[in-house]
Each structure stands twice: as structure tokens, then as C-alpha cells.
Amino acid sequence: MADQIKTIGVLTSGGDAPGMNAAIRAVVRTAIARGLKVKGIERGYMGLLHEEIKDMQTRDVSDIIQRGGTVLGTARCPEFVKPEIQQKAADICKKHGIQGLVVIGGDGSYRGAQALARQGINTIGLPGTIDLDISCTDYTIGFDTAINTAMEAIDKVRDTSSSHERCSIIEVMGRNAGYIALWCGIANGAEDILIPENYDYDEQAIVNNIIEKRKMGKKHHIIINAEGIGHSNSMAKRIEAATGVETRATILGHMQRGGSPTCKDRYYASVMGAYAVDLLIQGKTKRVVGYKNGAFQDFDIEEALAMKKDIPEYSLEVSRVLSR
């Protein structure tokens, strides 16, 4: 099997994440160094279906490691769940001589890779998502940059919130996972952290907390609200009406996806990209690269998708203690 791999493809799928370019660069340069040809697929699975495929050389990935986003582009492709579409994609890979494919994205991207593997295309997934919601890995490409971007923005909102003696609700991304909110809530010293994993929607408890801290002399109040809960603007109106404290909502939005990746995101993405190529050379397929218990590892895609990921209870306890 290892001798059969002559050409590999690489694509980025789903939401973009800082560090994806570092992973692309590592895939291209490692593959070429190992004597393989590389084809870049633009706009993810959508681009694959439209045969937006180009040859890539070492110089094509020069000066991209520091850039946010993805130079290959990305797009959603909801129709990829259909078996006939999956077969078409596999046929296009074979037409272009692509025997192995590195897919950089999240859970949805892995399901596409899983489908292509069943059609005879060797596939390796890399965890590219700012949400940190892939169960088999302790790290996902882009998470470190996203939390630092959010942390810096929240610090700035805190400055003006303190000046005006306001309550500020700051909504961060993460889809249905609360990792960005939890990490930033602790790092920014928030008074309340709302995450989907444990929020009981008891808004009165937040109101009581604001009133209690005002009595203690607290001049401002920071609430970090996860995207999975949302409705920050309407929440702000209700809290202001209940407390009499001026309350503003700030939704950080897609700024968390952009920006130059941190050193950690560049390093981890680079190692993962090289690891993916070497797995393909070994004849491996239907694998996901992850970072677990201090080491880079690979997992079966089906096992990875079946795993559950929970917020550590101790982290939740720390957040409660430190916000008092």
C-alpha cells in the first residue's frame, strides 16, 4: 500500500481557523520531501466537486505560516452527505490521481473523509477548529489563537465597562461547546460564565449576583456568554431592567477566526501536517491526528466521532471559586 501512494491532496473544510495555513505548508513540504506530488483542493469539498484542483510546489506555501485563514479557501458543502455525491468526489480524486487526502477541519469534515475512505481514497483528518470540540484530541488548530484574540478584546471591553460602571455581556464563539467561554471567563476574571454544558438558564441567579456584588462595592460586572447559549442582546435588556444597572452586549463574532496564529498554533499545526503525510506513506487511512496526554497520536475516524467530550468538572469548580 505504501508504494502505491504517489500523489496526495489537501483541503480545508468547514469554518476557517488560524493555523490552517501552517498545516497546509507542512503537508505540502513534507510530501514533496518524501518524493510525493501534492495537489491543493480549493474551497473544501465544494471545490473538490467542481474540480478546483491545482498542483502545489514548495514555493507555493512560502510566507503563509503567519497568515490567518486558509490560502486554499473553504466552504460548506451540505450535499456531501449524499452517497452519490460522495462517489462523485471519490471518482474525481481518482481522475486526478489523488490516492491520499489530508482533510483539515472539524467533525463534519471528518464525516466527509470517512465517506471518501469507504470509496477507496486513503484519508487522514487534522483537527482544524477554534471550538476545541473534537473529542479525541486535547488541542485543535486555531483554538489558542481564538482564545487569545477573545481575551484581548474582553480586556478592552472591561476597561470601558469599568469606566461607565456597567454590566457587560460578551458573547464568544464555540458553536455548542463552551471551551472558549470557559477559558476566557477564567483568564479575564469574569463574574459569570455561561456555557451550554452546565448553564441552567436561571437568569435570576445572575441578577442576584450583580446586585450582591454592587452592594460589596463592585463597580462593573463581566458576563462571558457562549455562542451555544446566545441571545446576548435580549439578555442585556432583561438584566438591565431587573437590576437597574446599565448593561451592554458585545458579540465578538468572526474576529475570533482571523488574525495571525500564535506560536502554539503554528507549531502544533506544522507537526500534525507532517504526521498526516507520514501516515499516508505508511498506508494508513481513515485516521484522525490528535494531541492527547502530551503526545501526537492518531485515531480511527469512526472511534473519534463516537467519543464524547465533557468540560472537566474541576475547571468548572475553579471558575466558580475565582468569580466570587
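For the structure, see preceding data.
Report on the accompanying structure. (Residues numbered from 1 in each chain as written. Predicted model: local features only at pLDDT ≥ 70, side-chain atom pairs only at ≥ 80, totals over all residues. Heavy atoms only, no water.)

Side note on the sheet that holds strand β6 (residues 167-172)
Then comes step 1: Strand order across the open sheet formed by four strands is β7-β8-β6-β9, with parallel pairing between neighbours. Two strands bound the open sheet, and with one partner strand each, they are β7 (192-194) and β9 (247-251). Between one strand and the next, the sheet's axes are offset by a mean angle of 15°, whatever the strand orientation.
Then comes step 2: Of the strand pairs in this sheet, β6 and strand β8 (residues 221-226) are connected by six bridges, and their pairing is parallel. If you follow Cys-167 over to β8, its bridge partner there is His-221.
Then comes step 3: Running at roughly 170° to β7, helix α6 (residues 179-187) makes contact with β6, β7 and β8 of the sheet.
Then comes step 4: Packed onto the sheet, helix α8 (residues 232-243) meets β6, β7, β8 and β9 and runs at close to 170° relative to β9. (Pairing = 2+ DSSP bridges. Helix = DSSP H or I, 4+ residues; strand = E, 2+ residues; numbered from the N terminus. Axes fitted to C-alpha atoms, helices over the stretch in contact; angles between N-to-C directions. Contact = heavy atoms within 4.5 Å.)

Quick look at the sheet that holds strand β5 (residues 122-127)
Then comes step 1: What the seven strands build is an open sheet, ordered β3-β2-β1-β4-β5-β10-β11; its pairing is mixed. This sheet does not close on itself; its edge strands, each paired only once, are β3 (53-56) and β11 (295-300). On average, adjacent strands in this sheet sit at an angle of 25° to one another, irrespective of strand direction.
Then comes step 2: Where β5 meets strand β10 (residues 287-292), two bridges bridge the pair, whose relative direction is parallel. Across the sheet, the residue bridging to Ile-124 is Arg-287, located in β10.
Then comes step 3: Strands in contact with helix α1 (residues 20-33) are β1 (7-12), β2 (37-41), β3, β4 (100-105) and β5; relative to β1, the strand with the most contacts, it is inclined by about 175°.

Regarding the side chain of Arg-257
Then comes step 1: Along the chain, Arg-257 turns up in the loop between β9 and α9 (263-281).
Then comes step 2: Nearest to the buried, unbridged Arg-257 among oppositely charged side chains is Asp-16, at 4.1 Å.
Then comes step 3: One polar contact links the side chain of Arg-257 to the main-chain carbonyl oxygen of Asp-16, over a distance of 2.9 Å.
Then comes step 4: Once residues within four sequence positions are removed from consideration, Arg-257 is found in contact with Gly-15, Asp-16, Ala-17, Pro-18, Arg-76, Ile-130 and Met-173. (Buried < 20%, exposed > 50% of the residue type's maximum accessible area, 1.4 Å probe, protein only. Lys, Arg positive; Asp, Glu negative; His and termini not counted. Salt bridge = Lys/Arg side-chain N within 4 Å of Asp/Glu carboxyl O. Polar contact = N/O pair within 3.5 Å; in protein donor to acceptor, adjacent residues only side chain to side chain.)

Quick word on the pairing of β5
Then comes step 1: Among the six residues that make up β5, six are buried, leaving the element largely enclosed by the rest of the structure.
Then comes step 2: Summarising the sheet, β4 and β5 pair through six bridges and their orientation is parallel. For Val-103, the partnering residue across the bridge sits in β5 and is Gly-125.
Then comes step 3: For the segment spanning β4, helix α4 (residues 107-118) and β5, crossover handedness is right-handed. (Right-handed = clockwise from strand over helix to strand, strands pointing away.)

Section: the pattern of salt bridges
Then comes step 1: Applying the stated criterion to the full structure yields 18 salt bridges.
Then comes step 2: A salt bridge links Arg-166 to Glu-246; the shortest N-O distance between them is 3.2 Å. Here Glu-246 lies in the loop between α8 and β9 and Arg-166 lies in the loop between α5 (143-164) and β6, a separation of 80 residues in the sequence.
Then comes step 3: Of the residues examined, Glu-246 reaches a relative accessible area of 27% and is grouped as partly exposed.
Then comes step 4: Connected via shared salt-bridge partners are Arg-166, Glu-240, Glu-246 and Arg-248.

As for unusual backbone geometry
Then comes step 1: The phi angle at His-231 is positive, at roughly 55°, despite the residue not being glycine.
Then comes step 2: Along the polypeptide, His-231 turns up in the loop between β8 and α8.

Quick word on the nonpolar core
Then comes step 1: Core analysis: the largest hydrophobic core is formed by 59 residues, its most contacted members being Ile-8, Ile-104 and Leu-126.
Then comes step 2: Tyr-45, Leu-49, Cys-136 and Ala-304 belong to the second largest nonpolar core, which has 29 residues in total. (Core = buried A, V, L, I, M, F, W, Y, C linked by side-chain atoms within 4.5 Å.)

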